[in-house]
2 protein chains.
Amino acid sequence: MQTPWEYRYAYRVKRMGSSVIRELLKLTEQPDIISFAGGLPAPEVFPLQEIQEACRRVLEMHGPQALQYGTTEGYRPLREMIARHTSRYGIEVTADNVLITSGSQQALDFIGRLFINNGDHIVVESPTYLGALQAWNAYGANYVSVPSDEHGMIVDELEKALRAGPKFIYVLPNFQNPTGTTLTLERRKRLVELADKYGVPIIEDDPYGQLRFEGDHLPSVVTLDSQYQGPNGGHYSGNVIYLSTFSKLLAPGLRLAWIIAPTEVIRRLVKAKQAADLHTATFNQYVAYEVGRGGFIDRHVKVIRQVYKERRDVMLETMEEVFPEEVRWTHPQGGMFLWGILPPWMDAAEVLKKAIEHKVAFVPGAPFHPNGGGENTMRLNFSYSKPEVIREGITRLGLLLKELIVERKSG
Amino acid sequence: MQTPWEYRYAYRVKRMGSSVIRELLKLTEQPDIISFAGGLPAPEVFPLQEIQEACRRVLEMHGPQALQYGTTEGYRPLREMIARHTSRYGIEVTADNVLITSGSQQALDFIGRLFINNGDHIVVESPTYLGALQAWNAYGANYVSVPSDEHGMIVDELEKALRAGPKFIYVLPNFQNPTGTTLTLERRKRLVELADKYGVPIIEDDPYGQLRFEGDHLPSVVTLDSQYQGPNGGHYSGNVIYLSTFSKLLAPGLRLAWIIAPTEVIRRLVKAKQAADLHTATFNQYVAYEVGRGGFIDRHVKVIRQVYKERRDVMLETMEEVFPEEVRWTHPQGGMFLWGILPPWMDAAEVLKKAIEHKVAFVPGAPFHPNGGGENTMRLNFSYSKPEVIREGITRLGLLLKELIVERKSG
């Protein structure tokens, strides 16, 4: 249907990007396909009963308030709960440093809105989170890529990137999406030092930090930065804006995440949110607070860790068994994803087409690289499928990869 | 706290607007003030029991799906329900014409994102909805104002505005925010004709259309436009993008609204939403569908109409009794607001300062005028306060206005 809107799109629409991969991934939604392509939490760990009970109590005790318009900043008791939780990790923040957002994607969008002018440079790990690139492409961002290895961003390469005069550094230090890698303590410290040296602030995106099922917790970048900034150690320095979410701790269908930022930034974020969606659903905020206020999330996260560890173990074990030796992969200590590196001559998008015929799917890695490369990489999600399904899917994929390698050798 | 972010804001931040009125309105949140300033529905009409019951059923029957990530377009059964509902008003649309948004404010933001380049002209009624101006200021919109009277936009003045080559016309035909006026059938038809003559499409914002408690329902602009566009009468022509919301029918704390648009526009809106917040809360969409699917909303809206009619009547009656004859006001046939016009020499913002001392509040009308004017106007909300509270508040305000007029006459 031709409509008058067709001729009236703003320049932003052209930046919304092509959807070749998205179209390909639609094919993976067929029910008989084992898909490691999504980024879904295990529905088995959703705390259905607790949410059920919380809905009941919220509507009984606070119905009229919970269903009414709310403040743009978010429900104050929830913000206070988040501030207390954050302070446990060694930096003191108050509810005034917290803005509730409708998922972390909205936090990324607002950061673009507040900070990115057309043509600005943003330093990112390569590969990095696709959702951040999608959010910031709309504002005309350019990316300065810093390569990464099995320990996260190669911080020694960061200094060169900082000389581009970037607006900020974007980093996912824990169980990164897409690679599953964790930035080492030494690299975190070096990142903080370099950011300070060049006066470039940091966006720390930490959706999975709580989902560590192996090794010791590492201090977050925001904590290290606050300790680094002189004698006020222990107080939030404000150089790092920190993002996290309830999507992986409770349920993504509630769309609840948060931003920790200096109060001056929060004030402007509030204005941005006022223009964008007024506020995040009041009811959902009451429910999350009701579920979380007695310390439930701390107990619940142990269950999630156990389930995800089992699934990661099965995925890794099966890969060891069935993947050809030409393929390498990461060993995540937490989170939801691992990263496969195929032989350099292999195109993961081509592999995906064949994999769909074999009823198994993943995400090709190229789109996670803002400046190109990574055609031979792939992201595999281990949180969603049950262990026996993971074993079956990885086996199918391993057989296909072996086939392709044999074909190439004999061709 | 001085932070490195201070020097890094994008040009958009400067456009976020001053907040003099917003600061003033914060004062009206004191509990002993009777405030007609907000735009809140009556909490007494929230269908608590139905929502309670729907939450229970959704979590019992669809828990894992309702708490999981959802599609960007929205929950299909809800979109189908909305399409069926819309088709009842004489235009045929399908779920593919419907996008679920996180409140109507998000719909307005997306429209800005899709269509407004810096400096573009948008035709609006003056006064018009403040939320639309806030959303579109962020994208650098200019406004061509068409004056309005007690029958809505003065359509005879529209032709001149259309010669500015605007991107679109924005109109709230039913019980407009802020004036409470309704665009007459003749003016609606003329609007459609002129829009067609100049090839300028229309955004029809209709949050209150169902809340008519007096007079007959008028066909919406989208319906008239679809009938006007030649032989395909009855089919959605796509020249009008139509917005509505569950905020006034169920509860604003769920943050659920929708856009009706041509499928080509919906496709682009989906990409915008993917970058902005991925999708609207899955759980809330399941709950709204569960509440609405048996026809409950049609029954419930009758209750809302009754309650709002009573409150409007009390407000109008009290104004007749206590307001000085120099003040005029609109007589809304539905919705939540009415509009007061003070003598030309009176500044409503100054009146508000004094009103707050007298423990009563309203919104001064000037900010609703994108190109200035309206300093002597005010918006009064009648949906939120109970009848006896309305009587008391309007009496306080009437006494103050009389005082000010006497002062002026004697001064």
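Quick caveat, the model's predicted, so the values are computed rather than measured.

Colleague: Any chance you could break down the overall build of chain A for me, citing the residues and the numbers?
Modeller: Check the secondary structure of chain A and you find 14 helices and 14 strands. Here the C-alpha atoms of chain A give a radius of gyration of 22 Å, agreeing with the 22 Å that 2.2 N^0.38 yields for 411 residues. Across its three principal directions, the C-alpha atoms of chain A cover 65 × 60 × 50 Å. Evaluated residue by residue, chain A yields a buried proportion of 54% over its 411 residues. A separation of at least 24 residues holds for 75% of the contacts in chain A among residues at least 6 apart in sequence.

Colleague: A description of the interface of chain A and chain B should follow, citing residues and the corresponding values.
Modeller: Across the boundary between the two partners, chain A contributes 67 residues, which contact 67 residues of chain B. Counting residues per element, the ones that place at least two in the side of chain A that touches chain B are helix H1 (11-14), helix H3 (48-66), helix H5 (104-115), helix H6 (130-137), helix H10 (263-276) and helix H11 (282-292) of chain A. Its residues placed into classes, the side of chain A that touches chain B shows 36 nonpolar, 19 polar and 12 charged.

Colleague: Can you explain H3 of chain A? Please cite residues and give values.
Modeller: Given a rise of 1.5 Å per residue, 19 residues ought to cover 27 Å, yet the end C-alpha atoms of H3 of chain A are separated by just 20 Å, more than 12% below that figure. Contacts made by the buried residues of H3 of chain A are with H11 of chain A together with helix H3 (48-66) of chain B.

Colleague: Tell me what's going on with the pairing of strand E7 (residues 202-205) of chain B, and back it up with residues and numbers.
Modeller: All names here are of chain B. A two-sided burial pattern is seen for E7, the buried positions comprising Ile202 and Glu204 on one face and Ile203 and Asp205 on the other. Both strand E6 (residues 168-171) and E7 contribute to a ladder of 3 bridges, which runs parallel. Note on E7: the bridge partner recorded for valine 171 is glutamate 204. As a crossover connection, the stretch from E6 through helix H8 (residues 185-198) into E7 is right-handed.

Colleague: Tell me about the confidence of the model for chain A, and name the residues and values.
Modeller: Put simply, chain A has an average pLDDT of 94, and 97% of its residues get 70 or more. Prediction confidence for the complex, expressed as pTM and ipTM, is 0.96 and 0.96 respectively.

Colleague: Which residues make up the relation of the copies chain A and chain B, and what values do they have?
Modeller: Once chain A has been moved 0.0 Å along the axis and rotated by 180°, it coincides with chain B to within an RMSD of 0.0 Å. Interpreted geometrically, this transformation is the action of a two-fold axis. Nearest to the rotation axis, the C-alpha of cysteine 55 of chain A is located 3.5 Å from it, this being the minimum over chain A. The overlap is high: 100% of the interface residues of chain A also sit at the interface in chain B, so the same surface is used on both sides.

Colleague: Pulling in residues and values, what's your account of the domain arrangement of chain A?
Modeller: All names here are of chain A. Its domain assignment divides chain A into domain 1 (4-47 + 298-410) and domain 2 (68-295). Counting residues at the interface gives 32 residues for domain 1, matched by 35 residues for domain 2. Listing elements by their share of the side of domain 1 that touches domain 2, those giving two or more residues are helix H12 (296-322) and strand E11 (337-341). With 7 residues, H12 is the largest single contributor of residues to the side of domain 1 that touches domain 2. Across the side of domain 1 that touches domain 2, the residue classes break down as 15 nonpolar, 10 polar and 7 charged.

Colleague: Requested: an account of the pairing of strand E8 (residues 240-245) of chain A, with residues and values cited.
Modeller: All names here are of chain A. In terms of residue burial, E8 counts as a mostly covered element, since 6 of its 6 residues are buried. Here E8 shows a buried face lined by Val240, Tyr242 and Ser244 and a second buried face lined by Ile241, Leu243 and Thr245. Note that strand E7 (residues 202-205) and E8 share 4 bridges and pair parallel. Residue aspartate 205 lies in a different strand from E8, and its bridge partner there is leucine 243.

Colleague: Give a detailed account of the sheet that holds E7 of chain B, specifying residues and quantitative values.
Modeller: Ordered in space as E2-E9-E8-E7-E6-E3-E4-E5 (chain B), the 8 strands form an open sheet in which the pairing is mixed. On the outer flanks of this sheet lie strand E2 (98-101) and strand E5 (152-153) of chain B, each paired with one strand and no other.

Colleague: Can you explain the environment of histidine 151 of chain A? Please cite residues and give values.
Modeller: All names here are of chain A. Examined against the element boundaries, histidine 151 turns out to sit in the loop between strand E4 (142-149) and strand E5 (152-153). Since 13 C-beta atoms lie within 10 Å of it, histidine 151 is described here as partly exposed. Distance from histidine 151 to phenylalanine 175, taken between C-alpha atoms, is 9.9 Å for residues 24 residues apart in sequence. Excluding residues within four positions of it along the chain, histidine 151 makes contact with Thr181, Leu183, Thr184 and Arg187.

Colleague: How would you summarise the packing of H3 of chain A against H11 of chain A if you had to cite specific residues and measurements?
Modeller: All names here are of chain A. Two elements in contact, H3 and H11, have axes separated by 8 Å at closest approach and are oriented at 125°. Put simply, H3 runs oblique to H11. Once H3 is placed against H11, the crossing between them reads as right-handed. In this structure, H3 uses Glu50, Ile51, Ala54, Cys55, Arg57, Val58, His62 and Ala66 to contact H11, whose residues at the interface are Thr282, Phe283, Tyr286, Val287, Glu290 and Val291. Partitioned by chemical class, the residues of the contact of H3 with H11 number 9 nonpolar, 2 polar and 3 charged.

Colleague: Break down the sheet that holds strand E9 (residues 257-260) of chain A for me, citing the residues and quoting the values.
Modeller: The strand order across the open sheet built from 8 strands is E2-E9-E8-E7-E6-E3-E4-E5 (chain A), with neighbouring strands paired in mixed fashion. Each of the sheet's edge strands pairs with one partner strand only, and the pair in question is strand E2 (98-101) and E5 of chain A.

Colleague: Residue-level account of unusual backbone geometry, with values.
Modeller: Excluding glycine, most residues fall at negative phi; most peptide bonds, likewise, are trans. Residues and elements named next belong to chain A. For the bond running from serine 126 to proline 127, omega is 0°, close enough to zero to count as cis. Its location among the elements puts proline 127 in the loop between strand E3 (121-126) and H6. In this structure, the amide linkage connecting asparagine 177 to the following residue, proline 178, adopts the cis form with an omega of 20°. Looking at where proline 178 falls in the secondary structure, it is placed in the loop between strand E6 (168-171) and helix H8 (185-198). Even without glycine at this site, leucine 278 takes up a positive phi of about 65°. Mapped onto the elements, leucine 278 comes out in the loop between H10 and H11.

Colleague: I'd like a rundown of the packing of helix H5 (residues 104-115) of chain B against helix H6 (residues 130-137) of chain B, residues and numbers included.
Modeller: Residues and elements named next belong to chain B. Between H5 and H6, the shortest axis-to-axis distance is 8 Å and the interhelical angle comes to 40°. Overall, the two elements H5 and H6 adopt an arrangement that is oblique. Read as a crossing pair, H5 and H6 show a hand that is right-handed. Side by side, H5 and H6 meet where Gln105, Leu108, Asp109 and Gly112 of the first sit next to Gly131, Ala132, Ala135 and Trp136 of the second.

Colleague: Residues and numbers for H12 of chain A, please.
Modeller: In this model, H12 of chain A (27 residues) spans 39 Å end to end at C-alpha, consistent with the 39 Å of a helix rising 1.5 Å per residue. Every buried residue of H12 of chain A is listed here: Ile297, Ile304, Tyr308, Arg311, Arg312, Met315 and Met319 of chain A.

Colleague: Give a detailed account of the environment of valine 144 of chain B, specifying residues and quantitative values.
Modeller: Residue and element names in this part refer to chain B. Mapped onto the fold, valine 144 is located in strand E4 (residues 142-149). Residue valine 144 is classed as buried on the basis of its 20 C-beta neighbours within 10 Å. The spatial distance from the C-alpha of valine 144 to the C-alpha of alanine 164 is 7.8 Å, given a sequence separation of 20 residues. If near-sequence neighbours (up to four positions away) are discounted, valine 144 is found in contact with His121, Val123, Ala161, Ala164 and Pro166.

What counts and what doesn't
- Residues numbered from 1 in each chain as written.
- Chains lettered and ligands numbered in written order.
- Predicted model: local features only at pLDDT ≥ 70, side-chain atom pairs only at ≥ 80, totals over all residues.
- Helix = DSSP H or I, 4+ residues; strand = E, 2+ residues; numbered from the N terminus.
- Rg over C-alpha atoms; globule rule 2.2 N^0.38 Å.
- Buried ≥ 20, exposed ≤ 12 C-beta atoms within 10 Å, placed from the backbone.
- Contact = placed C-beta atoms within 7 Å.
- Nonpolar A, V, L, I, M, F, W, Y, C, P; charged D, E, K, R; others polar.
- Expected span 1.5 Å × (residues − 1).
- Pairing = 2+ DSSP bridges.
- Right-handed = clockwise from strand over helix to strand, strands pointing away.
- pLDDT = per-residue confidence, 0-100.
- Least-squares fit on C-alpha atoms with pLDDT ≥ 70 in both.
- Domains from an automatic or database assignment.
- Axes fitted to C-alpha atoms, helices over the stretch in contact; angles between N-to-C directions.
- Parallel < 35°, antiparallel > 145°, perpendicular 65-115°, else oblique.
- Left-handed = near helix turned anticlockwise from the far one by under 90°.

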